[in-house]
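If you want the building blocks of each chain, they are given just below.
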Amino acid sequence: MASRTFPEMPTPSSLLSAYASISTSIMLFRTMFNQLFPRELRRYAVDAVRFYWKPKSSKLTLVFDDKDGLTPNHMFDAAEAFLCTRINPDSDRLRITKSVKETHINIKFAESDEIVDSFDGIPVTWRYVRQQPQHRTGDGDGGKSISGGVFSPERKYIELKFDKRYKEIIISSYLPSIVKTSQELENKKKIVKLLNLQSYGGGPGGHKESVNLDHPSTFDTLAMDPIVKKAIIDDLDLFVKRREFYKKVGKAWKRGYLLYGPPGTGKSSLIAAIANYLKFDIYDLLLANVGGDSSLKKLMLKTTNRSILVIEDIDCSIQLPDRKGVGPSKFPDVKSGPMFSLSGLLNFIDGLWSCCGDERIIIFTTNHKERLDPALLRPGRMDVHIHMSYLTVDGFETLATNYLNIDIHAYHWRLREIKELIKCKKVTPAEVAEDLIKSEDVEVVLEGLVKFLKRKKMDDDDDETKDGEGNEEDEVREPKRAKIMS
Ligand SMILES: Nc1ncnc2c1ncn2[C@@H]1O[C@H](COP(=O)(O)OP(=O)(O)OP(=O)(O)O)[C@@H](O)[C@H]1O
Ligand SMILES: [Mg+2]
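Quick caveat: nothing in here was measured; it's all calculated off a predicted structure.

K.L.:
Just give me the short version of the overall build of the protein, but keep the residues and values in it.
P.N.:
Counting secondary structure elements, the protein contains 14 helices and 19 strands. Of all 486 residues assigned to the protein, the portion counted as buried reaches 22%. Sequence separation of at least 24 residues holds for 69% of the intrachain contacts in the protein that already meet a minimum separation of 6.

In structure tokens form, the structure reads like this:
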């Protein structure tokens, strides 16, 4: 049987001498290595390896700081507003804000929350970050605190993370779409203001008093021919989207409307409806208080873009000398007051806004279009002439629906008599509106309205018999339906 040989067990002294020789060799190697590669060279080599071999991220992060230096960063505000529309329904935390002036509560996404959105199928992630103010000793780029050391103010920013491959599309398309959405949201929230422009009591340049426009009139509540109403809305829509067009053709981006018709037919209501529709502030220019051309110019310079300049009752609010400067017009109802030239007024509209006005609307109203200087009616000055006239059947249906909150079809038989009376009598929307608020009982209101219309018919018939063909000043001679002319 073969005998098995076992390796000889190392003795403790042989182990010790082996250990001693290994550590001597290591020390020798280290000394040589350190001499060959000094500390700086080694550090450099390590850094270089780290830099080139660092695993590359496939993500790009865009940072929207709330401020750019001291200036608020519009992109931060836009992103914040946009993200309000993308809030995760099962968010655990939301921020709630409201300023004194705001009428609504803002719901915003909170710090550290993440919102996942997608654009053209590209997934993106948003994150809101808020860094608390920091106080450090030593140098830094923050401000100096009172107690010495360095103070970094609070920093707020929003991060947008996405795959680097989509950098181009995100920057050139997604970000502009965010700006657009935020502007639309801002517009919806905007409270329209009514500002009175007058030149007395406010120092050399006059002053402007502002209140929130609290006029409930909208295109939905306005009783007028639906075709004319649609034409006005289309005209406004076209106007506001034609920035580039106006620039290209070298025309001031403005539109002039002349609203004419008898009192109580909705001229002022239409102005409010336009302002509410476009969210443009209204500047009410009180011409009777304007001292002359130069104060008019100062007042006009106080108006802002995206606004409506309104001059009501243009024919009778001021003594308008005729264009040749011969003297004041011979209107029976002009007030005596400061005088300035009509040409001055027209020049401001044409000249001033050509160089320093964008998205401006000017609206003149009058009860007597025929009394206006033809120069004012020339195309380019007043682009659109809108005749506001007596109540039509369509208009009455709008009023009845709004005021009585009834389904007019259900009241078809009841309303038939009223419609017949409206068709053959010249009654203003204001007169009918006045009657529609007299009671909460629909039957009582309708009965009262029938009586009113019958009485009016009898009175008018009597007047016509007395006056023969009627007098020319009477706006009753206006065509019956509202119309638009541009
Ligand atoms: N077309 C209309 N649609 C709805 N309501 C109207 C209309 N016209 C008049 N009203 C009602 O009558 C009131 C007076 O109308 P509004 O002041 O708009 O008339 P106006 O044409 O400006 O009159 P004026 O020539 O006297 O200035 C309005 O507040 C509104 O309640
Ligand atoms: Mg009016």
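K.L.:
Please set out helix H1 (residues 12-36) residue by residue, giving values where relevant.
P.N.:
Given a rise of 1.5 Å per residue, 25 residues ought to cover 36 Å, and the 36 Å separating the end C-alpha atoms of H1 matches this to within 8%. For H1, a buried count of zero out of 25 residues is recorded, marking the element as mostly open to its surroundings.

K.L.:
So, the sheet that holds strand S7 (residues 122-131): which residues are in play, and what are the values?
P.N.:
Across the sheet, four strands lie side by side as S1-S11-S7-S6; this open sheet has antiparallel pairing. Looking at strand neighbours, the two that pair on one side only are strand S1 (59-65) and strand S6 (114-119), the edges of this open sheet. Recorded for the sheet is a direction-independent mean angle of 25° between the axes of neighbouring strands. Where S7 lies against strand S11 (residues 155-163), seven bridges are found, and the strand directions are antiparallel. Bridge pairing links Trp126 to Leu160 in S11. Its contacts with the sheet place helix H3 (residues 74-83) against S1, S6, S7 and S11, and it is angled at close to 105° to S1. The strands touched by helix H4 (residues 167-189) are S1, S6, S7 and S11; relative to S7, the strand with the most contacts, the crossing angle is about 75°.

K.L.:
Summarise unusual backbone geometry; cite the residues concerned and give the values.
P.N.:
Even without a glycine there, the phi angle at Asp120 is positive, about 50°. Note on placement: Asp120 falls in the loop between S6 and S7. Overall, Asp120 belongs to the exposed group, with 10 C-beta atoms counted inside 10 Å. At Glu359, a position not held by glycine, the phi torsion is positive, near 55°. Examined against the element boundaries, Glu359 turns out to sit in the loop between helix H9 (342-356) and strand S17 (360-366). Assessed through the 18 C-beta atoms surrounding it within 10 Å, Glu359 is described here as partly exposed.

K.L.:
Give a description of the nonpolar core that names residues and reports values.
P.N.:
A general feature of soluble globular proteins is that nonpolar side chains tend to end up buried together. In this structure, Ile271, Ile308, Val310 and Ile363 are the most contacted members of the largest nonpolar core, which totals 54 residues. By residue number, the principal contributor to this core is helix H7 (residues 267-278), which donates seven residues. Lining this core are residues from two domains, each supplying at least three of them: domain 2 (193-387) and domain 3 (393-485). The residues touching Ile363, leaving out its near neighbours within four places in the chain, are Tyr257, Leu259, Ile271, Ile308 and Val310. If you look at the next biggest cluster of nonpolar residues, it comprises 15 residues, including Ala79, Trp126, Phe162 and Ile178.

K.L.:
Outline the site of ligand 1, listing residues and values.
P.N.:
Close contacts around ligand 1 come from 16 residues, with Pro263, Gly266, Ser268, Pro429 and Ala430 the closest. Listed by contribution, the elements that provide at least two residues to the shell around ligand 1 are H7 and helix H13 (429-436).

Procedures and definitions
- Residues numbered from 1 in each chain as written.
- Chains lettered and ligands numbered in written order.
- Predicted model: local features only at pLDDT ≥ 70, side-chain atom pairs only at ≥ 80, totals over all residues.
- Helix = DSSP H or I, 4+ residues; strand = E, 2+ residues; numbered from the N terminus.
- Buried ≥ 20, exposed ≤ 12 C-beta atoms within 10 Å, placed from the backbone.
- Contact = placed C-beta atoms within 7 Å.
- Expected span 1.5 Å × (residues − 1).
- Pairing = 2+ DSSP bridges.
- Axes fitted to C-alpha atoms, helices over the stretch in contact; angles between N-to-C directions.
- Core = buried A, V, L, I, M, F, W, Y, C linked by C-beta atoms within 7 Å.
- Domains from an automatic or database assignment.
- Near = placed C-beta within 6 Å.

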